[in-house]
Every structure is written in structure tokens, then in C-alpha cells.
Amino acid sequence: MENAIKSQTRIADRPRPKINYLNATHGIWSWMSTVDHKRIGVMYLVGVLGAFFVGGMFALLVRLTLLTHDHMLFGRLLLTADAYNRVFTLHGVIMVFLFIIPSVPAALGNFVLPLMLGAKDVAFPRLNLASFYLWCTGAILAVVGMIFGAIDTGWTFYTPYSTTTNGTVTLMTMAVFILGFSSIFTGINFVATVHKLRAPGMGWFDMPLFVWGIYSTAIIQVLATPVLGITVVLLMLERVFSIGIFDPKLGGDPVLFQHFFWFYSHPAVYIMILPGMAIISELIPTFSRKTMFGYRAVAYSSVSLALLSFIVWGHHMFVAGQSQLATVIFSALTFLVAIPSGVKMFNWLGTMYKGNISLETPMLYAISFLLLFAIGGLTGIFLGTLSVDVHLTDTYFVVAHFHYVMMGGTVIAFIGGIHYWWPKMTGRMYSEKWGRIACTLIFIGFNMTFLTQFILGSRGMPRRYYNYLEQYQPLHAFSTVGSWVIGLGMFMTAAYLLASLRKPMDAPDNPWGGTTLEWTTSSPPIEHNFEEQPVLTKAPYDYRPETVAH
Amino acid sequence: MEWLRAWMLPPQGSDFAAEVDTVYMWLFWLSVVLFLGIAYAAIYFSWRYRYKPGRVTPHQTHNTMLEIVWSAGPLLLCVGIFFWGLNGWMKYSVAPGESMEIQITAKKWLWSFEYPDGTRTANEIHVKLNKPVRFVMTSEDVLHDFFVPDMRVKADIVPGRYTEVWFTPTVLGVHHVTCAEYCGKGHSDMQAKLVVDNEADFAKFMETGGTEWEDYKTKPAEWGKLQYERKGCSTCHSIDGSLTKGGGPSWKGIWGKMETLNNGQQVLVDEPYVRESMMVPAAKIVKGYEPIMPTFQGLLRETEIQGLEAFIKSLGNDPNGGPPAPTVLALPPPKPKDQAQAQ
Amino acid sequence: MEQQFDTSKIGMWLFLATEVLLFGGLFVGFGLMQARYPQEFIEAHEHLQRPLGALNTVVLLISSFTMVMGVLSAQRGDKKKVVMFLVLTILCACIFLGVKYFEYSHKFEEGLLPPRWYHAQSTDTVRDAAGNVSHGYGTFFAFYFMMTGLHGIHILVGIFLLSWIAVRAHRGEFSKAYYTPVDLVGLYWHLVDLIWIYLFPLFYLIK
């Protein structure tokens, strides 16, 4: 496989620049006050991976508590019911708001987007830094909230429980509000960047598909997140001032909260998956050395997913007490939204067909994505089917479904993307051997953990349960062991990635033979990205020998 | 493949269950086939088209016909599945006119059921085989959810309004009821038993609360211990002396104790006091505790109250439980008018 | 420069879109509650002081006019006029907030508040068997305070923004070639005015 890499170094004949974005300026203040999108991307990466670590630790703790029926380990009670409820809530809040929503757009998107467009930076570099500081503020508030009692409402904050329970609900929702603005500003930045800062010669249908994905995500970020903002404001007003709109004793409607909440949170899950799919659309053509099959279909599917995502929120509420008509309409629309995802899947496979495929770590992650997202998407069909959803909703089946799409989908794609752009960001190659081992472990561990949970759910195990019937214990135990395998794989990944940083910078400009503009500059890039403004002369993913640059 | 269905899904307790399971299994096999197709393609292509240096790949940019086929095909499939699911769900949504209506009041963390004649039970409900039953539900505090896996029914219970669910049980025996909307510390303890009886057993249950108690006539403390676990007492009162946040006093060693109330008064823990604490819990609050215990008026039958008293007595002042109470369980003579009250 | 100006405008329009959605949620909530409590909402809105509401509407419209004049002056590079029109806009905004203060005080005095603190009025007709007024009246005022309050916060933020660019204009930072911040704040101000144009009839006028 090393041949695959070496044969692509045709562009790397020029000498590596001594000054790059990492060493151009020194000192912590130069990082804290930077407006360089690459540095901001790196800071975001460190931040979200830190959040992933904390959220992941909580997940391991949840699974460990469920290992045995009596929650004991080595003769000691691991967690009380109260503590357990807080731990799974925090797992959800951290993973959703601090990790996965910012992850791909803010960490990888920030770094790669301007490079792919042939631009010097994003449209609003200072706003970009502001987004990052808002993320930090939200993170700090969340940590403070965790220390001073945390919350046990579930990440969905349903009323009236969230308006009446003790705990730091107001503080946590304040953190969510601030994190929402971080997301909105990133969205505004990216939409403006894509509209205005493309290189000469780059029309809309010459953009890499990663850009289409990030752009569609940004549209959702701008339109949906404000609704989350007002929802948590209303929650805070209800909790602090008893304003009365969710409290039935004061004439309010608790189900109204769910409508408000899911109106954001369903599009939010597309904020999570679209960037992941965007990464896959880069990895598959590159490692198949073949043009992307169905470029326009995939581009249109990204935008249509963004738009369709706004009209299916009620499928989270089939048994919540919404009207029957609403339930029927939302079910029908949910089936509609399944189609564009399927279109992408088929086009990726079509790209691999008759390709020239090498299985470096990023490609292993891409293939893992195809398999895991397929399961996640197919199980979504179960949940959209009304008669079956009545039995499956609020059970572990749902938990398994969303972990397959969010973790098996987005997180797998995110890790694949980190590996893909690692040489570009750091100037070093990671260890391919350890990369493949860790990917395999994560894949196996993931299926052990979550495939089991489909069965737990269909057998009637409700979610957010501390105590459970004896009959579920063997499946829970198996799932917990799977979580250890994932943990091992993740720690291994962190270890070899960090170890690579101690090597000298020897990565080529274009180790994978990619055809998009970020591979035409040095690894790592210079401060202003390109020595001269690049002018686009060919479409992306063009592997015909006559068009591949020498 | 009945063994597979039986492994993945609960026993089929209602007429819906078979329908729902059919759709589920069909979707399961469809998913397996589609997944294997995708997996095969991905893995086979990775091997068949593995890297060879210098090989040129065909410049296939798109195929419009293929796009149409693999968009329209899944769309048609989805439309079919949608209607199939809708069909089952429509039947499930409208209860037949002759259904027996049972009212459910859910509260943290207890199920309270009320029959048409006013009989009330807590955490246990009996219904008739092959007769449709309709549950009209509300909550006293936060969201809850009535989920009976064997029957394949589920609906949220919302404070301030009524929601409904119905089914026709087709299998005798005990089925599990579980709360499926997070409601706090006792969420996973909020369980109930749904017992499907034939006509004769159902009638007996309505009269006396069932015949189980007769097996415990001479073992009242054991009967009490069962109620302690079934009626939700264990959620807030421990029997080993430990205290939980938001809970009530432990029952260990309290019988015969002089307890101090929050108004400074002293009171002896004896039969009248324990009975009053179950029926009118707010009347006397022990110092240091909140007045949050719900009333069990109408939810405990006479034998159950006696059993609980015997059980608490048995926890005595002796850490090992003390001597069993000498009383024997006895029902008061039936009074037709206030049977519902005195139960 | 032109590209930067265009880009900033796109950014500001996107931000304004988020504001529309932020308020949109509240408008939807109001609509749902009105459908639930139609009679109460009609009776409750009689307590609002229409003349004051109308005055505020006129004041904001004037402020939008002065803002437009400010942007126009910036396009022409007329520093003195820019500052003058910005100051006039700020003045209108302050009058708006002042009138709001009087309106809010009136509500507090009369007990026209969210359900938890609402004092029944003799004219409230929708009551339960025990004579307690329906929660619909308080709900109307809950939305009144939330929506006009959120709007008021945006006016306050607008005052700070206007003051900031007035200071910058006074310092000579803008010219015919560069007046982007004035334009952008102008866009923001027009949206805030527009939101009031929807709020006013919704609360004060609809029957």
C-alpha cells in the first residue's frame, strides 16, 4: 500500500516551506488572538475531542453500571439511580451540543473549506474566532453546571420535569443557548464564504462535494438554531419565572415544548450527518482513484436533505399526544426524507465500481461508514412505520438507531476525515498499521455494543432505565463489553495520532493523490494558504491521466 | 423463523401483537437483504478493484437512468411500507364501543388504576381475556408513558389532559407494564402488573382483590413484604436503615418508637399511626421530611394494610427482624355500599 | 472592497434570518395559545393602551426614516449629517423605550401579568365553576411581556450599535468608499422596526 502513497507525490517536488501556519507566530497569545481559520480549526479540534473524551467516559460509566443487574462492581455500588440519571443526561448533552454539532464543521470544515475553495480564509475571520470563544464559554458553563449538581432531565429537557426538578437546569440551558450562537455564527460564516470566496473558475458545480455538504449544513445551522435559542429561553423563563406556557396548572401545554424542541433538534441531526456524508464524498473518489459517480445527484441530495429536515420533526412525537392527522403526515414525510440518503449511498458504491481502490485508514473508515450508516438508516424505516413505532419508540431500539447514524455515521466519518487531512494539518503521516488495527477494533466494538441494543429495545427494554428486568442482563453485559472494545480502539487512535506529532514533518503535499485544491498547497499550509491565488481549470475528482497535473 | 421472532420480540399478548410482529419481521428481512447487498458491494468492490499501479479508471460521471431507478424504486417501497404501517396504526387508534374503560392516574412513581365501578388498585390491574379494554390516562405531575410490551401498545401520559390506548388481550397470565417516559429517580421502578383473567377469576379479583392473600393468611408479614415491593413503598422507604434523598423514613426498627413530628409533637408508631400514614400521609410528617407522600386511600385493600403493618412490626427494634407478628390476616365482613372505600 | 461589502451584506442578511426565526417561534406560540383561548385573548387585549402603542409605531417609523437618511448621507460622505441622523435615530429609540416603561408600569399596577401573578379583572368573562378566571388572560400577558420584552432588548442593543457607529462616524472613519458598518446597522434597525410592525397589530389591534 505504500506504493499507493508514493506514486501520488508528483506535486511534492517543490521544497517544503520553512514557515507554515503552525510556526509563523509563537506564544499562546498568538493562538488566542488568531483569526487564521486553520489555527481556529485546530483549537476547535482539540476542544471537541476533549468533549468527546468526557462524554465518552460518561458513556463507559453508564454501560458499566448496566453490566450487572444490581449495579455492583467488585462489591461496591457504582452509581445510585439519581447519579445514573445525571450521568446519562450529561453524556447526551456533552455529545450533542459540545461535540457532535460543532465537530465536523468547526474543526475540519474551518480548516479545509477555504483551502478547498482556493481562498485565503473564511468570509468573517473575526466572527470565526468569536464562534470559538462562544464554544469555550458554553463549555465552561456546562462544566460549572456539572460541578454544582448537574441535571437529570435527559438531553431533551422535556417539560414539566425539566421545569420542576432540582439541579442546574437553568445554567445548562444557558450553556446550550450560547453554544447555539457559536453554531449560528459558524453557519453564517460558511454560507457567505461559499457564496463569495470561491476561486476564479469555480462555479457551483465545480465545488468539491465536501463544500456542498458543509454549505447545506450551514443553511440548517442558520435557520434552525434560533428556534432552539427561543426554546431554551422559554424553558428558562418557565423555570425561573413560572411564565406558564408549558405548565398545565397555569394554562400551558407541556407538549408544546416538544414541538419547539424537535423543530430544531430534528434539523440538528442533519447538521450532524451532512458533514459526515460530505467527508465520505471526498474519501471514496480519492481512494478509488475514480471520478465521483453522480456528482450532481449527491450535491442536490445534500440541499434537499437540508430542506426536508425541517418538515419531519413530529416523528419524534408519534406517541406524545399530538393529533392523529399530524402523526400521519409526519410519518409520510419521514419516508420521503429517507430517499436522498439512499441516493448518496448508491452513488458512493457506484464510484467504487471499477475503481482502483486502496484501503488506507481513511478508506477503511469510509467503508465502515457505508455499512454502519446503512444499518442506521434502515432501522430508521422501522421507526417511521407507525404501527411498529408504537412498540419501538422510547426503547433501546431508538438508542441503537441514533447511535448507528450519529456514531457509526458521523463520528466514524469524522475520524476518517481527521486521518485524511492529518498530513495536511500537521505535516506528518500517522502509523498506517495502528490506524487499521484501531479502525477494526472500533468497528467490531461498535457493533457489539449497539447491535445488541436493537434486540433489547424490540424486547421491550425502555430507555433511560437504571433498573431492568433480569431477562435483559446477558444482552446488557455483552453490550458493555463492546463498549470496552470501542474504548480501547479510541485510546489507541489517540495514542498513535499523538505519537505521530513527535516525528519530523515529512508528509508530502498530496499523499493520497487528491484532486481538490487543498492538496496543491504544502503540508502544513503557509499562513495565507496559497502562494498565488489558485485558478480552477478542471472539475474535482477528475482522474483521467490527461488531466492529472504533473 | 418463529424462534427468531420469539427471541427478538416479546410474547404476543394482544391481537395487535401479531400484526405488528408481521410488519416488524418483514422490515427485518428487508433490512437484512438490503444491508447484505450494500455490504457485499462495498467489500467485493474493494477486493475486485483493488489497487494496481498504473491502472486507469473509467471516467463515469453519472447515469441518469440509474439515478431515477434507485430513487423511484426505494420511494415506491417506502410508500408501500408507509401505508402498511398506517393501516395497522389506524386500527389501533380507535377503541371499540364496548371496551371496558379503566382510568389511569400516573404520578411519580406509582400507577393508580380505577375501574368503572370505582374500584381502585395500585400497580396491579386485572383485565378480561378476549375483551377489549381502553385506558384513559392522565398524570398528576410530569410526563409518564404507559407501555405494555406484550400488547405492543404505548402512549405518553400528559398532565392537564387525557390520552388513550386500547387493546384486546388474547393470552392469560401476567404481563409487564413499564413507564416509558423519563420521570425522575424512580422512573425505572415504575412498573405494574397487568393480569389477564378469565371471567371467573376476574370476578373474584374485583370482589376481594384476588385470592393470593389467602395463601398468606398465617404469614401476614410475608404478605406485607410483597405489598412493600409491589405497591411502590420500596421506592421511598428502605428496610435496612438507609435513607435516600427525597425519600421517607426507613422502616427498620420504627415499630413502637416515639417519633418526633415536624411540629415538635411526639407520636407513637403503632397500628393507628401507620394506617393513618398510608391514608392521610400529610396529617403527621416526621421531622426532617417533606410532605410528598401520595395517599393510598382506595389503593390498598384491608388485607394489604394489615400485611404491611405486620411487616413493619417484624422489622422491629431487632436488626434481624424480630419475632413475627402474632396476628392472622382477615378481611372485614363485606359491606356492599362502601366496598370500594373500605377495600 | 466591493466583494467585501457584498460579503458583509450576505452575512448580515443571514443574521437577520436568524432573528426572524427567533421571533418566529414566539409568534407561532402566540398563535397556538390564541387558538386555545380566543375569547380571553380578545378581552385581554382591550387592556392594552392603543394610543401609546400607536405612538411607538410612529416613533419607530420615523426612526427608520432617519436611519435611511443616515445611510444615504454616509453614501454621500457627509459626516455631519451621518452623525445627526444617527443621533435622531437613537433619540427615537429612547422615546420608544420610555413609552414602553409607562406601558409596563401600567400593566404591573393593574395586575395584568402572566398567569401566576394575574389579578382578575371585573371584565373577564371566562371563568370556571368556582369563579376563578381562565389562565388564558394571564397567558396573553405572558406572551405580551415575552415578545415586547425580547423586542425591547433588541432596541436596547440597537441603541448601543447606533451609538458605536455614531462615535466612529464622528471620528471620521467612514467615507463614500467605506460605510459598511452604517449600512449593516441600518439593516439591523429596519428589521427591529419590521418586527414591531408585526407585533403592534398582533397584540393591539386584532379582534
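Residues numbered from 1 in each chain as written. Chains lettered and ligands numbered in written order. Predicted model: local features only at pLDDT ≥ 70, side-chain atom pairs only at ≥ 80, totals over all residues.

Peer 1: How should I be thinking about the overall build of chain A in this particular structure?
Peer 2: The secondary structure content of chain A amounts to 16 helices and two strands. Its C-alpha atoms give chain A a radius of gyration of 23 Å, near enough to 24 Å, the size a compact globule of 550 residues would have. In terms of overall dimensions, chain A has a C-alpha envelope of 70 × 50 × 45 Å along the principal axes. Looking at chain A as a whole, 64% of its 550 residues are labelled buried. Considering only contacts in chain A between residues 6 or more positions apart, those separated by 24 or more positions represent 84%. (Helix = DSSP H or I, 4+ residues; strand = E, 2+ residues; numbered from the N terminus. Rg over C-alpha atoms; globule rule 2.2 N^0.38 Å. Buried ≥ 20, exposed ≤ 12 C-beta atoms within 10 Å, placed from the backbone. Contact = placed C-beta atoms within 7 Å.)

Peer 1: I'm lost on the overall build of chain B in this one. Help?
Peer 2: Counting secondary structure elements, chain B contains nine helices and 12 strands. The C-alpha atoms of chain B give 28 Å as radius of gyration, which overshoots the globular expectation for 343 residues (20 Å, by more than 25%). For chain B, the proportion of its 343 residues judged to be buried stands at 36%. For chain B, long-range pairs separated by at least 24 residues make up 63% of all intrachain contacts whose partners lie at least 6 apart in sequence.

Peer 1: Could you clarify how one ought to interpret the interface of chain B and chain A in this entry?
Peer 2: How big an interface is tends to be stated in terms of the accessible area lost upon association of its parts. Between chain B and chain A, the residue contacts involve 70 residues of the former and 75 residues of the latter. Looking at the side of chain B that touches chain A, the elements with two or more residues in it are helix H2 (15-48), helix H3 (64-93), strand E6 (144-148) and strand E7 (153-157) of chain B. If you tally residues by element for the side of chain B that touches chain A, the top one is H3(B), at 15 residues.

Peer 1: What's the story with the environment of A:Phe261 in this structure? I'm lost.
Peer 2: All names here are of chain A. Mapping Phe 261 onto the fold places it in helix H9 (residues 254-288). The exposure class assigned to Phe 261 is buried, which follows from the 24 C-beta atoms found within 10 Å. In contact with Phe 261, other than residues within four places in its own chain, are Thr 156 and Thr 231.

Peer 1: Is there a simple way to explain the interface of chain A and chain C in this structure?
Peer 2: Listed by partner, the interface residues are 24 residues for chain A and 24 residues for chain C. Taken together, the elements giving at least two residues each to the side of chain A that touches chain C come down to helix H7 (169-196), helix H8 (209-241) and H9 of chain A. A breakdown of the residues in the side of chain A that touches chain C according to their chemical character gives 17 nonpolar, six polar and one charged. (Nonpolar A, V, L, I, M, F, W, Y, C, P; charged D, E, K, R; others polar.)

Peer 1: Hey, could you run me through the environment of C:Leu26 in this one?
Peer 2: Note that C:Leu26 resides in helix H1 (residues 2-36). Each residue touching C:Leu26, except ones within four places of it in the same chain, is listed here: A:Ile230, C:Met146, C:Met147 and C:Leu150.

Peer 1: Before we go on, may I ask you to explain the confidence of the model for chain B in this structure?
Peer 2: Reading predicted coordinates in detail is not appropriate for stretches of low pLDDT. Residues and elements named next belong to chain B. The predicted model of chain B averages 87 in pLDDT, with 91% of residues at 70 or higher. Across chain B, E6 holds the top mean pLDDT of 97, while helix H9 (residues 339-342) sits lowest at 41. Low pLDDT, under 50, characterises residues 318-326; the predicted model gives this stretch 13 contacts beyond four residues in sequence or across chains. Under a pLDDT of 50 for its full length, residues 335-343 has, in the predicted model, 12 contacts with residues more than four places off or in other chains. The ipTM, which scores confidence in the relative placement of chains, is 0.93 for this predicted complex, and the corresponding pTM is 0.89. (pLDDT = per-residue confidence, 0-100.)

Peer 1: Even after reading the chapter, I still don't get the sheet that holds strand E2 (residues 110-114) of chain B, so can you show me in this structure?
Peer 2: Residues and elements named next belong to chain B. Reading across the sheet, the five strands line up as E3-E2-E1-E5-E8 and stay open at both edges, with mixed pairing between neighbours. Strands at the two margins of the open sheet, each flanked by one partner only, are strand E3 (120-122) and strand E8 (163-167). Averaged over all neighbouring strand pairs, the angle between strand axes comes to 25°, with direction disregarded. Inspection of the sheet shows E2 paired to E3 by three bridges, in the antiparallel sense. Looking across to E3, one finds that Glu 114 is bridged to Arg 120. (Pairing = 2+ DSSP bridges. Axes fitted to C-alpha atoms, helices over the stretch in contact; angles between N-to-C directions.)

Peer 1: It is not clear to me how the pairing of E2(B) should be interpreted in this structure. Could you clarify?
Peer 2: Within a regular beta strand, the side chains point alternately toward one face of the sheet and then the other, so they alternate between its two faces. All names here are of chain B. Along E2, four of the five residues are buried, which leaves the element largely enclosed by surrounding structure. Two strands pair when backbone bridges link them, and strand E1 (residues 100-107) and E2 are joined in this way by five bridges, in the antiparallel orientation. Bridge assignment links Thr 105 to a residue of E2, and that residue is Ser 112. If you look at the hairpin formed by E1 and E2, you'll find two residues sitting between the two strands. Linking E2 back to E3 in an antiparallel pair, the connection comprises five residues, with Gly 118 at a positive phi of about 100°.

Peer 1: So what exactly am I meant to see when it comes to the packing of helix H3 (residues 37-65) of chain A against helix H16 (residues 473-500) of chain A here?
Peer 2: Residue and element names in this part refer to chain A. Where H3 contacts H16, the two axes come as close as 9 Å, and the packing angle between them is 155°. Classified by the interaxial angle, the pair formed by H3 and H16 is roughly antiparallel. The hand of the H3/H16 crossing is left-handed. Facing H3, whose interface residues are Gly 56, Ala 59, Leu 60, Arg 63 and Leu 64, H16 presents Ser 479, Thr 480, Ser 483, Gly 487 and Met 490. Its residues placed into classes, the contact of H3 with H16 shows four nonpolar, five polar and one charged. (Parallel < 35°, antiparallel > 145°, perpendicular 65-115°, else oblique. Left-handed = near helix turned anticlockwise from the far one by under 90°.)

Peer 1: Could you clarify how one ought to interpret the domain arrangement of chain B in this entry?
Peer 2: Residues and elements named next belong to chain B. Under the domain assignment, chain B is made up of domain 1 (2-49 + 62-93), domain 2 (100-208) and domain 3 (212-342). Spacing between the C-alpha centres of domain 1 and domain 2 amounts to 32 Å. Listed as interface residues are eight residues of domain 1 and, on the opposing side, 11 residues of domain 2. Residue composition of the side of domain 1 that touches domain 2, grouped by class: five nonpolar, two polar and one charged. (Domains from an automatic or database assignment.)

Peer 1: Can you walk me through unusual backbone geometry in this structure?
Peer 2: Leave glycine aside and you will find that most residues have negative phi; peptide bonds, for their part, are mostly trans. Residue and element names in this part refer to chain A. Cis rather than trans, the peptide bond between Thr 159 and Pro 160 has omega equal to -5°. Secondary-structure assignment places Pro 160 in the loop between helix H5 (125-147) and helix H6 (161-164). Although it is not a glycine, Tyr 541 adopts a positive phi angle of roughly 60°. Relative to the elements of secondary structure, Tyr 541 occurs in the segment after H16.

Peer 1: Would you take a moment to explain the nonpolar core for this structure?
Peer 2: For soluble globular proteins, nonpolar side chains are generally found buried alongside one another. Core analysis: the largest hydrophobic core is formed by 295 residues, its most contacted members being A:Val191, A:Val211 and A:Leu370. The element contributing the most residues to this core is helix H4 (residues 81-117) of chain A, with 24 residues. Setting aside residues up to four positions removed in sequence, A:Val211 forms contacts with A:Leu113, A:Met116, A:Leu117 and A:Val194. Core analysis: the second largest hydrophobic core is formed by 11 residues, B:Ala221, B:Val269, B:Ala310 and B:Leu315 among them. (Core = buried A, V, L, I, M, F, W, Y, C linked by C-beta atoms within 7 Å.)

Peer 1: It is not clear to me how the arrangement of the chains should be interpreted in this structure. Could you clarify?
Peer 2: The structure contains two pairs of chains in contact, of which chains A and B account for the largest number of contacts. There is a gap between chain B and chain C: no contact, and a shortest C-alpha distance of 13 Å.

Peer 1: Please explain the packing of H4(A) against helix H14 (residues 396-426) of chain A as it appears in this structure.
Peer 2: Each packed pair of helices is defined by two parameters, the angle between the axes and the distance between the axes. All names here are of chain A. Orientation of H4 relative to H14, taken along the N-to-C sense of each, is 20°, at an axis distance of 11 Å. Taken together, H4 and H14 sit at an angle that is classed as roughly parallel. The hand of the H4/H14 crossing is left-handed. Contacts between H4 and H14 involve Ile 100, Ser 103, Val 104, Leu 108, Phe 111 and Val 112 from the former and Met 406, Thr 410, Phe 414, Gly 417, Trp 421 and Met 425 from the latter. Here the contact of H4 with H14 is composed, by residue class, of nine nonpolar, three polar and no charged.

Peer 1: What's the story with the sheet that holds strand E4 (residues 124-128) of chain B in this structure? I'm lost.
Peer 2: Strand pairing in a sheet takes place through backbone hydrogen bonds and is either antiparallel or parallel in direction. All names here are of chain B. Reading across from one edge, E4-E10-E9-E6-E7 is the order of the five strands in this open sheet, with mixed pairing throughout. Looking at strand neighbours, the two that pair on one side only are E4 and E7, the edges of this open sheet. Within the sheet, the average angular offset between the axes of one strand and its neighbour, ignoring direction, is 25°. The sheet contact formed by E6 and strand E9 (residues 173-179) spans two bridges and is antiparallel. In the sheet register, Phe 147 faces E9, and the bridge partner there is Thr 178. Contacts from helix H4 (residues 199-208) reach E4 and strand E10 (191-197) within the one sheet, and its direction differs from that of E4 by about 140°.

Peer 1: Can you walk me through the pairing of strand E5 (residues 133-139) of chain B in this structure?
Peer 2: Residues and elements named next belong to chain B. Taking every second residue as pointing to the same face, the buried face of E5 carries Val 133, Phe 135, Met 137 and Ser 139, while none of Arg 134, Val 136 and Thr 138 on the other face is buried. As defined by bridge partners, E1 adjoins E5 across seven bridges and the pair is classed as parallel. The residue of E5 that forms the bridge with Glu 101 is Arg 134. Note that E5 and E8 share five bridges and pair antiparallel. Across the sheet, Val 136 pairs through a bridge with Glu 164, a residue of E8.

Peer 1: Would you mind going over the confidence of the model for chain A with me for this structure?
Peer 2: Taken as a whole, chain A shows an average pLDDT of 94; of its residues, 97% reach a score of 70 or greater. Taken as a whole, residues 1-12 of chain A scores under 50 in pLDDT and shows 22 contacts with residues more than four places along the chain or in a different chain.

Peer 1: Which parts of the structure should I look at to understand the environment of A:Leu61?
Peer 2: Residues and elements named next belong to chain A. With respect to the helices and strands, the residue Leu 61 is situated in helix H3. Its 19 C-beta neighbours within 10 Å are what place Leu 61 among the partly exposed residues. Taking the C-alpha atoms as reference points, Leu 61 and Leu 223, 162 residues apart in sequence, are found 36 Å from one another.

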